[in-house]
Amino acid sequence: MINDKMKFLIAFLIIIIMGVGFYVTVYQKKIAAIKQLDETIIQKTSQLSKDKALIVEMPKLKDEEKQLLVEKDNIIKEKLGTEEAKDF
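Keep in mind the model is a prediction, meaning the values are calculated, not measured.

What counts and what doesn't
Residues numbered from 1 in each chain as written. Predicted model: local features only at pLDDT ≥ 70, side-chain atom pairs only at ≥ 80, totals over all residues. Heavy atoms only, no water. Helix = DSSP H or I, 4+ residues; strand = E, 2+ residues; numbered from the N terminus. Areas by Shrake-Rupley, 256 points an atom, 1.4 Å probe, with all protein chains shown as cover. Phe/Tyr/Trp six-rings, centres within 6.5 Å; stacked < 30°, edge-to-face > 60°. Buried < 20%, exposed > 50% of the residue type's maximum accessible area, 1.4 Å probe, protein only. Expected span 1.5 Å × (residues − 1). Bend = angle between axes of the 7 residues up to and from the residue.

J.: What is the right way to read the overall build of the protein from this model?
T.: For the protein, the count of helices and strands is one helix and zero strands. By principal-axis analysis of the C-alpha atoms, the protein measures approximately 115 × 25 × 10 Å. Roughly 8,600 Å² of accessible area belongs to the protein as shown, and the carbon and sulfur atoms make up 66% of that amount.

J.: Please explain the packing of aromatic side chains as it appears in this structure.
T.: Remark: the centre distance and the inter-plane angle together describe each pair of aromatic rings, the angle taken between the planes. According to the stated counting rule, one finds two aromatic pairs in the structure shown. Here the aromatic rings of Phe 8 and Phe 12 are separated by 6.3 Å at their centres, their planes lie at 20°, and the arrangement is stacked. Note that Phe 8 and Phe 12 are positioned in helix α1 (residues 4-80) at a spacing of four residues, about one turn of the helix. Taking relative accessible area as the criterion, Phe 12 reaches 43% and is therefore assigned partly exposed. Here the aromatic rings of Tyr 23 and Tyr 27 are separated by 5.9 Å at their centres, their planes lie at 15°, and the arrangement is stacked. Taken together, the residues Tyr 23 and Tyr 27, both in helix α1 and four residues apart, mark about one turn of the helix. Under the relative-accessibility criterion, Tyr 23 is labelled exposed at 56%.

J.: Which parts of the structure should I look at to understand α1?
T.: Residues spaced three or four apart along an α-helix face the same direction, because each turn holds 3.6 residues. Taking 1.5 Å per residue as the helical rise, α1 with its 77 residues ought to reach 114 Å, and the 107 Å between its terminal C-alpha atoms agrees with that figure. At Met 58, α1 shows its largest bend, some 40°, and a proline, Pro 59, comes one to four positions later.

Take a look at the structure:
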């Protein structure tokens with residue numbers, strides 16, 4: 001029925017199919033990991049652009065903070081007069 005050449009061919013085909021299945025399984029895991037890393041890169045890039053915009057605004061915000069502190073001190077001096085603004 002089945003001679004030695006056919007047995008060898010069937011065994012060889014089974015081994016190849018198992019190898020391909022193993023390779024595809026590992027390859028799918030790697031592709032999933034790569035896709036996840038790509039999504040992470042996209043998120044981090046958008047976060048970086050937001051952070052850069054905040055960094056550009058920071059000196060303006062620092063100046064605004066200083067002005068507000070001066071205004072607060074002036075209001076405290078006007079309302080309380082003799083007491084130190086540092087006490088508040």
